[in-house]
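Okay, here's what each chain looks like letter by letter:
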Amino acid sequence: MQPDKLSSHVFKKGVFVTPINSIPLMHELSDKKSWTYGRMPEYIWVGLILKFYGREEGLQKLNEIVMQLHVLAPNLHTLRLSDIFKLDIDTQVAFYSFIIGIIGKEPLAPLTVIFSVSNQPTFNKYFHIKGLSIQERCDAITQVMQDIMGHQSYESTDIRFVALYFYLLSGKMVLQKEQIDIICSYPRLSHDSVEMRMVRPTVRSMEMSILQLEEPNEVYISAFWRCVSEMTECSLYSVNFPLENRKIDLYLENLYEIFQYLSQLYTSTSPIDAKMKVILGIATYSYKRFKEAYVCNLFNNISGRNCIRSLIENYIMLKYLIVNESSCDNIWQDYQLYGLGAYKLILSKHRENDITGEPHFDSNYIEMLVNEFKEEQFINIDTNYFNKDAIRVKAEKVDEKILYGLYYDYDSSFEHGLWGAIRESTMLKCNNPAHQYHCIPDIDDEIILKSVLPDCIMVMNKTIAFLNELYDIPQQLLNEVMNFELEPIAETDN
């Protein structure tokens, strides 16, 4: 399938609906009918034969095997192993004996680790090989599973062809001549052939039609997954990006000189200018967040993503305040009162609840801040976004839609603990198909996220460029920051 583009989605009631989910009556298969969880465990015996003999010879031998099964059990219309196990003992004995005469015990011997004397004595009797260790049997099964877990892999499509072919022998599906020709051509074509581009999708879609006439065996499926998962170990891996080790002391020194210049400009020329106070306050907050990330080496960490998000939101807010300055006479004071109102809300809740321990919210200090320039009795509490516009709307109004959509939204997932961010930063992947490629918590910090340093510098430079438009920073100071070149990360043993 081609990757989805946002433009191809249908927006309905706040949800971007995928093109395929927009089709009436279209829905995903349930787990028990899906290929990976429900059907693959049933057909894995076919996959083992194909793996053992290779595609060409394997399909030839399977042709003989399924033809004989149709003769022995004419009322059977699927190759599901759970259905074969339901056949009477005499039929199973005849079928297993025939299989051994065609391919021997070796290809299906691995399955005896799952189907033991206690749960499938007849199967185990015919295919158990003395001396074949549990580990060897488990390895053979997981190797096949790695090839066939994906429903569109070449190997899984071969299995689906065999299942479809046996189903057609039952006569329960009527096909046109063109469809029959396509099916019959499948085993003669290589997967590299041009014709296969049409044949494979046809085989897959027709194999799925079998699902309408059969009921999955949930007991078998559950037992299969429980057994293979319990008998195999996790194989964990993580995606590790290079550790950030670049020195930016000179960049930070130049940033400091710029903010020192702006602070001196403010105190000497506009000490009571609310506009300049707010602008420098927001910009300095970004500078401190950036410096903290460097000093504490957070660029490869979750906290580094929170840092870049904060820098972006501050930059957008700076531009938004300037854009709306002419239409809102008191915007600089309103912005301050909005933030103090948020503090007042927390302070009020704090007063109404008994807080024990040592909370990092210091009510005495916060009370002083809230009442610093206006008594709190005159400060309203606005629970809306500042100026009623969400950050997305603010970004659009200041022509920073891309910065918001490609950066801020992504980093907000980390700020809010959404699953995408949790999966990327906190969960190690298991490469064992028997465990359905599950994830486990990364409690030993093996995951190394990609460094946010280049993006932090990019947004910081945007902020400095914006400040320069307002306050005309000396060119030498400006150039030292804007022309700073970040070297590639040095390779390390990590």
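Residue numbering note: each chain is counted from 1, following its sequence as written. Predicted model: local features are reported for residues with pLDDT of at least 70 only, side-chain atom pairs are reported and counted for 80 or more only, and whole-chain, interface and lining totals are derived from all residues. Excluded from the side-chain calculation are hydrogens and water; included are all heavy atoms of the structure.

S.K.: Can you walk me through the packing of aromatic side chains in this structure?
M.R.: Geometry of an aromatic ring pair is reported as the spacing of the ring centres plus the angle between the planes. Stacked, tilted and edge-to-face pairs are distinguished by plane angle, under 30 degrees for stacked and over 60 for edge-to-face with tilted covering the rest, among Phe, Tyr and Trp rings (Trp via its six-membered ring) whose centres lie within 6.5 Å. Tallying each qualifying case throughout the model produces 26 aromatic pairs. Considering the side-chain rings of F224 and W225, the 5.5 Å spacing of their centres and the 85 degrees angle between planes classify their relative orientation as edge-to-face. The exposure classification of F224 matches that of W225, with both residues buried. Through a chain of ring-to-ring contacts, the aromatic side chains of Y37, W45, F85, F95, Y96, F115, F123, Y126, F127, Y220, F224 and W225 assemble into a single cluster. Only Lys NZ and Arg CZ are tested; either one counts as a charge over a ring when it is within 6 Å of the ring centre and within 35 degrees of the ring normal. In this structure, R55 packs its charged tip against the face of Y186, placed 5.1 Å from the ring centre. Its guanidinium or amino end placed over the ring of F414, R305 lies 5.4 Å from that ring's centre, counting from NZ or CZ. Think of it in three bands: residues with accessible area under 20% of the maximum for their type are buried, residues over 50% are exposed, and the middle band is partly exposed, with areas taken using a 1.4 Å probe on protein chains only.

S.K.: Just checking my understanding: could you explain the sheet that holds strand β3 (residues 236-237) for this structure?
M.R.: Sheet strands pair by backbone hydrogen bonding; their relative direction is either parallel or antiparallel. Paired strands are those between which DSSP finds at least two bridges. Under the scheme used here, helices are H or I runs from DSSP no shorter than 4 residues and strands are E runs no shorter than 2 residues, and both carry numbers assigned from the N terminus. With antiparallel pairing, the three strands of this open sheet are ordered in space as β3-β4-β5. The open sheet terminates on both sides in strands that have one partner only, identified here as β3 and β5 (439-441). One ladder, built from three bridges, connects strand β4 (residues 427-430) with β5; its direction is antiparallel. Each residue of the ladder has a partner; that of K429, found in β5, is C439. Only heavy atoms matter for contacts: two residues are in contact if any of them lie within 4.5 Å across the pair. All axes here are fitted lines through C-alpha atoms, helices being fitted over the stretch that makes contact, and every angle between N-to-C directions spans 0 to 180 degrees. The strands touched by helix α18 (residues 419-426) within the sheet are β4 and β5, with β4 carrying the most contacts at an inclination of about 70 degrees.

S.K.: Where do I start with helix α6 (residues 134-148) in this structure?
M.R.: Given 3.6 residues per turn, any residue in an α-helix points the same way as the ones three and four places further on. Helix length check: α6 (15 residues) gives 21 Å between terminal C-alpha atoms against 21 Å at 1.5 Å per residue, within 8%. Among all positions in α6, only R137, C138, I141, T142, V144, M145 and I148 are buried. End-on view of α6: buried residues confined to an arc of 160 degrees, all on one side of the axis. Helix span, expected: 1.5 Å multiplied by one less than the number of residues in the helix. The reported arc concerns the directions from the helix axis to the C-beta atoms and nothing else.

S.K.: Looking at this model, I keep getting lost on the side chain of D442. Mind explaining?
M.R.: Here D442 shows up in the loop between β5 and α19 (453-471). Counted as positive: Lys and Arg. Counted as negative: Asp and Glu, with His and the chain ends omitted from the count. Any Lys or Arg side-chain nitrogen found within 4 Å of a carboxyl oxygen on Asp or Glu counts as a salt bridge. The buried charged residue D442 lacks any salt bridge, with R423 as its nearest oppositely charged partner at 9.3 Å. Of the polar contacts made by the side chain of D442, one reaches the backbone nitrogen of D445; its length is 3.2 Å. Dropping the residues within four chain positions of it, D442 is found in contact with S425, T426, M427, L428 and I447. In protein, a polar contact means a hydrogen-donor-capable atom and an acceptor-capable atom, both N or O and within 3.5 Å, with residues adjacent in sequence counting only if both atoms are side-chain atoms; elsewhere, any N or O pair within 3.5 Å suffices.

S.K.: So what exactly am I meant to see when it comes to the nonpolar core here?
M.R.: Soluble globular proteins tend to pack their nonpolar side chains together in the buried interior. For the purposes of this section, nonpolar cores are sets of buried Ala, Val, Leu, Ile, Met, Phe, Trp, Tyr and Cys residues that join through side-chain atoms within 4.5 Å. Counting residues in hydrophobic clusters, the biggest one holds 65 residues, and the most contacted among them are I44, W45, L69, I84, L108, L111 and M145. Counting residues per element, this core draws most heavily on helix α1 (residues 35-53), which supplies nine residues. Aside from chain neighbours lying at most four places away, what touches I44 is L111, I141, V144, M145, I148 and F224. Core analysis: the next-biggest nonpolar cluster, separate from the first, contains 54 residues, L262, Y287, I312 and Y471 among them.

S.K.: Explain the packing of helix α2 (residues 55-72) against helix α7 (residues 154-169) to me, please; I cannot follow it from the model alone.
M.R.: Two quantities define a packed helix pair, namely the angle between the axes and the distance from one axis to the other. Where α2 contacts α7, the axes come no closer than 10 Å and their chain directions differ by 25 degrees. In terms of orientation, α2 lies roughly parallel with respect to α7. The two elements α2 and α7 cross, and the hand of that crossing is right-handed. Where α2 approaches α7, its residues R55, L59, L62, N63, V66, M67, L69 and H70 are matched on the opposing element by D158, F161, V162, Y165, F166 and L169. Each residue receives one of three labels: charged for Asp, Glu, Lys and Arg, nonpolar for Ala, Val, Leu, Ile, Met, Phe, Trp, Tyr, Cys and Pro, and polar for the others, Gly being one of them. For the contact of α2 with α7, the class distribution of residues is 10 nonpolar, two polar and two charged. Angle categories are assigned with fixed cut-offs, so that under 35 degrees is roughly parallel, over 145 is roughly antiparallel, 65 to 115 is roughly perpendicular, and the rest are oblique. Here a crossing is taken to be left-handed if its near helix is turned anticlockwise relative to the far helix by less than a right angle, and right-handed if that turn runs clockwise.

S.K.: Even after reading the chapter, I still don't get unusual backbone geometry, so can you show me in this structure?
M.R.: Negative phi is the rule for most residues except glycine; trans is the rule for most peptide bonds. Non-glycine residue N297 carries a positive phi angle of around 55 degrees. Mapped onto the elements, N297 comes out in the loop between α12 (274-295) and α13 (302-323). Classification of N297 by relative accessible area gives partly exposed; the value is 44%. With a phi angle near 50 degrees, Y437 is a residue other than glycine that sits in the positive phi range. Assignment of secondary structure puts Y437 in the loop between β4 and β5. For Y437, a relative accessible area of 21% gives the class partly exposed.

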